[in-house]
Amino acid sequence: MLAKLAPGAFRHMMMNRLAELAQFEERSLTRLLAPKEGSATASSLSKPRATHGLENGLSPLRTGLKLLLRSPALAAQAGDPQRWHELNIRGIGLWISILELLRAHPHLAAASIIERWRDSDTGQLLNQLACGELVIPSEGYETEFAGIIRWLDDQLRDQRWAHLHAKSQREGLTPEEKREFVTLQQVGGNLPGVPITK
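All values reported here derive from a predicted model rather than from experimental measurement.

Undergrad: Even after reading the chapter, I still don't get the nonpolar core, so can you show me in this structure?
TA: As a rule of thumb, soluble globular proteins bury nonpolar side chains together. Of all hydrophobic cores here, the largest spans 33 residues; its most connected members are Leu68, Trp84, Trp95, Phe145 and Leu152. The set of elements that each furnish at least two residues to this core consists of helix H4 (60-70), helix H5 (92-104), helix H6 (110-115), helix H7 (121-131) and helix H8 (141-170). Broken down by element, this core gets its largest block of residues, 8 residues, from H5. If we ignore the near neighbours within four places in the chain, the residues touching Trp95 are Leu61, Gly64, Leu65, Leu68, Trp84, Phe145, Ile148, Ile149 and Leu152. Counting 5 residues, the second largest nonpolar core, distinct from the first, contains Trp161, Leu164, Leu173 and Leu184.

Given below as structure tokens:
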């Protein structure tokens, strides 16, 4: 099933998650799931067509920034970006800043966004992302962006679960934290069930 997914942010996220659960390196898992030559899947993937998502190894966040620079209106789909402020992902601060900027000024164009970080390393990065090629067709922007939002929320949930699990083993949880832990377990589905003993 994964082998049939088009290259892109969503496929990358699914492969990464499956690698974590199966305790495989992602590269090894990718080789195992690669379609064999001559198969229907291999034939279909070899045909020239537009591909969705990650380009040249870009992270989901950088892919999201490229999408925002091309279609700033996508920021309205993100909800409150402050919910990610404790997420331990490189670049999350810039991501939040740009989303908040576009919430306050939804009609800004890419040039105006980049201007806010003029003469800085961040401005250079944004300019590179804005000028770089994006093979995602315009009709696929919303779907790709929504997948990145889901990935961020999943990362936030997993990070919070890991924090509560570590605390439960170290010093125990408050009643409120125990309820949150159970809720995260139910929502997460794939998170390992570890009984809270303290």
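Undergrad: I would appreciate a short explanation of the packing of aromatic side chains in the present structure.
TA: Each pair of aromatic rings is reported with the distance of its centres and the angle of its planes. Taken as a whole and judged by the stated rule, the model has 3 aromatic pairs. Ring centres 6.4 Å apart and planes at 50 degrees place the aromatic pair Trp84 and Trp95 in the tilted group. Taken together, the positions of Trp84 in the loop between H4 and H5 and Trp95 in helix H5 put the pair 11 residues apart, joining distant regions of the chain. Summarising the burial analysis for this pair, Trp84 and Trp95 share the class buried. Every member of this aromatic cluster is reached through a ring pair, and the members are Trp84, Trp95 and Phe145.

Undergrad: Even after reading the chapter, I still don't get unusual backbone geometry, so can you show me in this structure?
TA: The bulk of non-glycine residues show a negative phi, and the bulk of peptide bonds are trans. Phi angles above zero are rare outside glycine, and Asp119 is one such case at about 60 degrees. Summarising the element assignment, Asp119 is placed in the loop between H6 and H7.

Calculation rules
Residues numbered from 1 in each chain as written. Predicted model: local features only at pLDDT ≥ 70, side-chain atom pairs only at ≥ 80, totals over all residues. Heavy atoms only, no water. Core = buried A, V, L, I, M, F, W, Y, C linked by side-chain atoms within 4.5 Å. Buried < 20%, exposed > 50% of the residue type's maximum accessible area, 1.4 Å probe, protein only. Helix = DSSP H or I, 4+ residues; strand = E, 2+ residues; numbered from the N terminus. Contact = heavy atoms within 4.5 Å. Phe/Tyr/Trp six-rings, centres within 6.5 Å; stacked < 30°, edge-to-face > 60°.

Treat this as a map of the structure, not an account of what it does.
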